[in-house]
Amino acid sequence: YMSVLRLALATRRPQRVEPLRPWPEVGFLDLEEGTAFADWASFRAAYVVRDPARATRPWVGIFVNRTSGTSGQTAAMRAVARALQRRGLNVATAFG
């Protein structure tokens, strides 16, 4: 948020900023999109729609701290998820 504020102050022009979306206290994090979901059905639907072959693959879960997702510090999680996906697994990243 600070970088957006600095940009707005530096350019002195109004900046278009996406409205903040509240994060659920517990839920699932789509590491590819950076989106949080409050329920399994919504997460699964969004995850599978990008690659229909995922519908038949087995799932593995990763539990992370909610703060990791809200802060954007997801590089390590994304690396683990990609490694698991290369092995033919779907990755459900849950937080709470």
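Residues numbered from 1 in each chain as written. Predicted model: local features only at pLDDT ≥ 70, side-chain atom pairs only at ≥ 80, totals over all residues. Heavy atoms only, no water.

**Student:** Please clarify how the nonpolar core should be interpreted in this entry.
**Tutor:** Nonpolar side chains tend toward joint burial in soluble globular proteins. With 16 residues, the main nonpolar core has Phe 28, Leu 31, Phe 43, Tyr 47, Val 64 and Val 91 as its most contacted residues. Elements with a contribution of two residues or more to this core: β1 (27-30), α2 (40-49), β3 (59-64), α4 (75-86) and β4 (90-95). Excluding its chain neighbours within four sequence positions, the residues that come into contact with Phe 43 are Phe 28, Leu 29, Asp 30, Phe 37, Trp 59, Val 91, Ala 92 and Thr 93. (Core = buried A, V, L, I, M, F, W, Y, C linked by side-chain atoms within 4.5 Å. Buried < 20%, exposed > 50% of the residue type's maximum accessible area, 1.4 Å probe, protein only. Helix = DSSP H or I, 4+ residues; strand = E, 2+ residues; numbered from the N terminus. Contact = heavy atoms within 4.5 Å.)

**Student:** It is not clear to me how the environment of Ala 94 should be interpreted in this structure. Could you clarify?
**Tutor:** As for its placement among the helices and strands, Ala 94 is situated in strand β4. In this structure, the C-alpha to C-alpha distance between Ala 94 and Phe 63, residues 31 residues apart in sequence, is 4.8 Å.

**Student:** Even after reading the chapter, I still don't get the packing of aromatic side chains, so can you show me in this structure?
**Tutor:** Two descriptors summarise a pair of aromatic rings, namely the distance from one centre to the other and the angle between the planes of the rings. Using the criterion set out here, one finds nine aromatic pairs in the structure. With 5.5 Å between their ring centres and 50° between their planes, Trp 23 and Phe 95 make a pair best called tilted. Here Trp 23, found in the loop between α1 (2-11) and β1, pairs with Phe 95, found in strand β4; they are 72 residues apart in sequence, far enough to count as distant. Taking the relative accessible area as the measure of exposure, Phe 95 reaches 3% and is therefore buried. Taken together, the ring pairs connect Phe 28, Phe 37, Trp 40, Phe 43, Tyr 47 and Trp 59 into an aromatic cluster. Geometry around Tyr 47 places Arg 54 over its ring, the cationic atom sitting 4.0 Å from the centre. (Phe/Tyr/Trp six-rings, centres within 6.5 Å; stacked < 30°, edge-to-face > 60°. Lys NZ or Arg CZ within 6 Å of the ring centre and 35° of its normal.)

**Student:** Explain the pattern of salt bridges to me, please; I cannot follow it from the model alone.
**Tutor:** Side-chain pairs of opposite charge can arise whenever the charged atoms involved come near each other. As enumerated under the stated definition, the model contains five salt bridges in all. Across the pair Asp 30 and Arg 50 runs a salt bridge, and its minimum N-O distance is 2.9 Å. Of this pair, Asp 30 sits in strand β1 while Arg 50 sits in the loop between α2 and β3, placing them 20 residues apart in sequence. Judged by its relative accessible area of 31%, Arg 50 falls in the partly exposed class. Among the ionic pairs, Glu 32 bridges to Arg 50, the shortest N-O distance being 2.8 Å. Taken together, the residues span a long stretch of sequence, with Glu 32 in the loop between β1 and β2 (35-37) and Arg 50 in the loop between α2 and β3 at a distance of 18 residues. Residue Glu 32 is classed as partly exposed on the basis of its relative accessible area, which comes to 39%. (Salt bridge = Lys/Arg side-chain N within 4 Å of Asp/Glu carboxyl O.)

**Student:** Sorry, what's going on with α4 here?
**Tutor:** One full turn of an α-helix is made of 3.6 residues, so residues set three or four places apart face in the same direction. Taking 1.5 Å of rise per residue, the twelve residues of α4 would be expected to cover 16 Å, and the 17 Å separating its terminal C-alpha atoms lies within 8% of that figure. Those residues of α4 lying buried are Met 77, Ala 81 and Ala 83. Along the axis of α4, the buried positions cluster into a sector of 160°, meaning they face one direction only. Of the surrounding elements, those touching the buried residues of α4 are β3, α3 (66-71) and β4. (Expected span 1.5 Å × (residues − 1). Arc of directions from axis to C-beta.)

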